[in-house]
Amino acid sequence: MLEPGTPVPPLDLEDTAGRAVDLGGHAVLLYFMRSTTCPVCRRHVRDLAANAEPLAADGVRVVIAVPEDRETAAAWRAKHDVPFPVVTGRHGTPHEAVGLGKAVFGALQRSGSVLVDADGIVRHAHSAALPTGSYDKAGIAAAVAALGTRA
């Protein structure tokens, strides 16, 4: 998993329309879902959607990363009216690119969140094998607040 204070590695992401996604130039909160079928992860996405305005006011763009293919991601985004870009990996999963490999003998996809500042530096990174522990709302809020206090 990425460490706060380190540069985010190049991520080869594409949106649900197949376009390359560039995360540079602004703060981005990436939420990595265990899968589009995970009800706990979907609840976390709904909470992020409910907090979209305050995050945007703090200059943070939210991007949802899923391990499935682009077609599955597009169908899920449309069905659930997700207000954020949903991305997949062009080569492998976006999860693998940030160190969110599978846990428990390769049976459980790890999920979590990464906040990257406008300079490409990781400011928050949190993950868990179980989705109930993957959404660190307080940690995200503290990291977002700290973005505004950086000199």
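Please read all numbers here as calculations on a predicted model, not as lab measurements. (Residues numbered from 1 in each chain as written. Predicted model: local features only at pLDDT ≥ 70, side-chain atom pairs only at ≥ 80, totals over all residues. Heavy atoms only, no water.)

Colleague: What is the right way to look at the overall build of the protein chain in this model?
Modeller: Of the regular secondary structure elements, the protein chain holds five helices and nine strands. The linear arrangement of helices and strands in the protein chain, starting from the amino end, is β-β-β-α-α-β-α-β-α-β-β-β-β-α. C-alpha extents for the protein chain along the principal axes are approximately 40 × 35 × 25 Å. Expressed as a percentage of the 151 residues in the protein chain, the buried residues total 45%. A separation threshold of at least 6 residues defines the contact pool for the protein chain, and within that pool the share at least 24 residues apart is 62%. (Helix = DSSP H or I, 4+ residues; strand = E, 2+ residues; numbered from the N terminus. Buried < 20%, exposed > 50% of the residue type's maximum accessible area, 1.4 Å probe, protein only. Contact = heavy atoms within 4.5 Å.)

Colleague: Sorry, what's going on with the pairing of strand 5 (residues 86–89) here?
Modeller: Regular strands have side chains that alternate between both faces of the sheet. The alternating pattern of strand 5 places V86 and T88 on one face and V87 and G89 on the opposite face, and all of these are buried. Bridge count for strand 1 (residues 13–15) against strand 5 is three bridges, and the pairing is antiparallel. Its bridge partner being in strand 5, L13 is matched across the sheet by G89. Examined bridge by bridge, strand 4 (residues 60–65) and strand 5 share two bridges and lie parallel to one another. Looking across to strand 5, one finds that A65 is bridged to V87. (Pairing = 2+ DSSP bridges.)

Colleague: Quick question: what am I supposed to make of the environment of G18 here?
Modeller: As for its position among the elements, G18 is in the loop between strand 1 and strand 2 (20–21). For G18, a relative accessible area of 24% gives the class partly exposed. Those residues in contact with G18, other than ones at most four positions away along the chain, are R70 and R90.

Colleague: How do you make sense of the pattern of salt bridges when you look at a structure like this?
Modeller: A side chain of one charge can pair with a side chain of the opposite charge if their charged atoms are brought near each other. Throughout the structure, instances matching the rule amount to six salt bridges. The salt bridge partner of K137 is D47, with a shortest N-O separation of 3.1 Å. Note that K137 is positioned in helix 5 (residues 137–147) and D47 in helix 1 (residues 39–50), a separation of 90 residues in sequence. Given a relative accessible area of 21%, D47 falls into the partly exposed group. Taken together, the shared-partner salt bridges in this structure form one network comprising E14, R70, E71 and R90. (Salt bridge = Lys/Arg side-chain N within 4 Å of Asp/Glu carboxyl O.)

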